[in-house]
Amino acid sequence: MGFYQDRIFPWLCQKAVRDYDDERRAVFGSASGRVLEIGFGLGTSFRFYTDSADEIVGLEYSASMLTKAEKELDELKANSALSSKVILIKGSATNLDFPDESFDTVVSFLVFCSVPDPELAASEIYRVLKPNGKLHFFEHVLAADETLAKWQRRLNPFWKKIACGCNLTRDTKSLFLRAGFSFENFKEYVHENSMKISRQKIQGIAVKS
Ligand SMILES: C[S@@+](CC[C@H](N)C(=O)[O-])C[C@H]1O[C@@H](n2cnc3c(N)ncnc32)[C@H](O)[C@@H]1O
């Protein structure tokens, strides 16, 4: 998987995630205080943070994504106020090496589809958030349309292999509720500009109560 994972997948990922500027503006623009971004990938979202984020800790599982994101960050730093407030580290959302209640906001953008143990990741995020801390999210999930959902279930084993562990069939809303979150706002919709197979999206803010 080495060459595919290091070279081909980042390229595919870049194509797959490029059309979401409005969603990134909404999800990242309102992240405030001390922020943890899980699975930042190529760093596509860094430019969408605003002054409301005081400190941003980016956590990414893939070493090749991390290297590419560091380049993206260096370019941004030259022209923006991001300079001293972002740090990038390698790690997994399923094992967060941070004390309890240490972040105001956690951001997850198209990550819960590919985390191997999403229940554990949700409980780790819950743990590191301060009371009333917020998880800002945008994720693709199992389709509401039964015909499409059937195709997602059929294709999932193959899809997971070619898309480095990405699942088409996750029910991430239920997962967040089971972890203890309640929703400050939540919408589920068909994102018409997405690939048909992953166009069912959820977006919103889950609160640690
Ligand atoms: C589809 S990409 C999305 C990247 C980025 N959030 C974006 O919007 O462009 C999913 C990312 O999640 C990362 N990822 C998967 N499992 C992870 C984990 N357990 N912890 C942290 N990152 C993870 C992958 O390496 C990949 O970079």
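Up top you'll find the structure we're talking about.
Residues numbered from 1 in each chain as written. Predicted model: local features only at pLDDT ≥ 70, side-chain atom pairs only at ≥ 80, totals over all residues. Heavy atoms only, no water.

Helix and strand content of the protein: 6 helices and 7 strands. Element order for the protein, N to C, with α for helix and β for strand: α-α-β-β-α-β-β-α-β-α-α-β-β. The globule rule puts the C-alpha radius of gyration for 209 residues at 17 Å, and the 16 Å found for the protein is close to it. If you line up the protein on its principal axes, its C-alpha atoms span 45 × 40 × 30 Å. For the protein, with 209 residues in total, the buried portion stands at 51%. When contacts within the protein are restricted to residue pairs at least 6 apart in sequence, those whose partners lie at least 24 apart make up 70%. Element-wise, carbon and sulfur atoms account for 52% of the exposed surface of the protein, whose accessible area totals about 10300 Å². (Helix = DSSP H or I, 4+ residues; strand = E, 2+ residues; numbered from the N terminus. Rg over C-alpha atoms; globule rule 2.2 N^0.38 Å. Buried < 20%, exposed > 50% of the residue type's maximum accessible area, 1.4 Å probe, protein only. Contact = heavy atoms within 4.5 Å. Areas by Shrake-Rupley, 256 points an atom, 1.4 Å probe, with all protein chains shown as cover.)

Once that is clear, we can look at the state of the cysteines. Scanning the entire structure with this criterion turns up 0 disulfides. With no disulfide partner, Cys113 has as its closest neighbouring cysteine sulfur the one in Cys166, 3.9 Å distant. Residue Cys113 is classed as buried on the basis of its relative accessible area of 4%. (Disulfide = S-S within 2.5 Å.)

This part is about the site of the ligand. Close to the ligand lie 20 residues, the nearest being Arg24, Gly39, Glu60, Ala93 and Phe109. Interatomic distance of 2.8 Å between a side-chain N/O atom of Arg24 and an oxygen atom of the ligand. Contact distances for the ligand include 2.4 Å between an oxygen atom and a side-chain N or O atom of Glu60. Here the ligand, which alone exposes 600 Å², has 92% of that area covered by the protein. Class assignment for the residues of the shell around the ligand results in 11 nonpolar, 7 polar and 2 charged. (Near = heavy atom within 4 Å. Polar contact = N/O pair within 3.5 Å; in protein donor to acceptor, adjacent residues only side chain to side chain. Nonpolar A, V, L, I, M, F, W, Y, C, P; charged D, E, K, R; others polar.)

Right, let's talk about the pairing of strand E7 (residues 200-208) for a bit. The buried count for E7 comes to 9 of 9 residues, which makes it a mostly enclosed element. Alternating positions in E7 separate into two faces, Gln200, Ile202, Gly204, Ala206 and Lys208 on one and Lys201, Gln203, Ile205 and Val207 on the other, with burial throughout. Sheet analysis places strand E5 (residues 129-140) next to E7, joined by 7 bridges and oriented antiparallel. Counterpart to Phe138 in the pairing with E7 is Gln203. Two elements, strand E6 (residues 181-190) and E7, share 9 bridges in a ladder whose sense is antiparallel. From the neighbouring strand, Phe186 faces E7, where its bridge partner is Gly204. (Pairing = 2+ DSSP bridges.)

What follows covers the packing of helix H4 (residues 118-128) against helix H6 (residues 172-179). The geometry of a pair of packed helices is captured by two quantities: the angle between their axes and the separation between those axes. Between H4 and H6, the shortest axis-to-axis distance is 9 Å and the interhelical angle comes to 45°. Between H4 and H6, the angle falls in the class oblique. Between H4 and H6 lies a crossing whose hand is right-handed. Side by side, H4 and H6 meet where Pro118, Glu119, Ala122, Ser123 and Tyr126 of the first sit next to Leu175, Phe176, Arg178 and Ala179 of the second. Residue composition of the contact of H4 with H6, grouped by class: 6 nonpolar, 1 polar and 2 charged. (Axes fitted to C-alpha atoms, helices over the stretch in contact; angles between N-to-C directions. Parallel < 35°, antiparallel > 145°, perpendicular 65-115°, else oblique. Left-handed = near helix turned anticlockwise from the far one by under 90°.)

The next point concerns the sheet that holds strand E2 (residues 53-60). Taken in spatial order, the 7 strands of this open sheet run E3-E2-E1-E4-E5-E7-E6, and their pairing is mixed. Strand pairing shows two members of the sheet lacking a second neighbour, strand E3 (86-90) and E6, which therefore form its edges. The sheet shows a mean angle of 15° between the axes of neighbouring strands, taken without regard to direction. With 6 bridges connecting them, strand E1 (residues 33-38) and E2 associate as parallel partners. Counted as the bridge partner of Leu36 is Val57 from E2. Strands E2 and E3 of the sheet are contacted by helix H3 (residues 63-79), whose axis makes an angle of about 165° with E3. The strands touched by H6 within the sheet are E5, E6 and E7, with E6 carrying the most contacts at an inclination of about 180°.

Function cannot be inferred from these measures alone, as they are strictly geometric.
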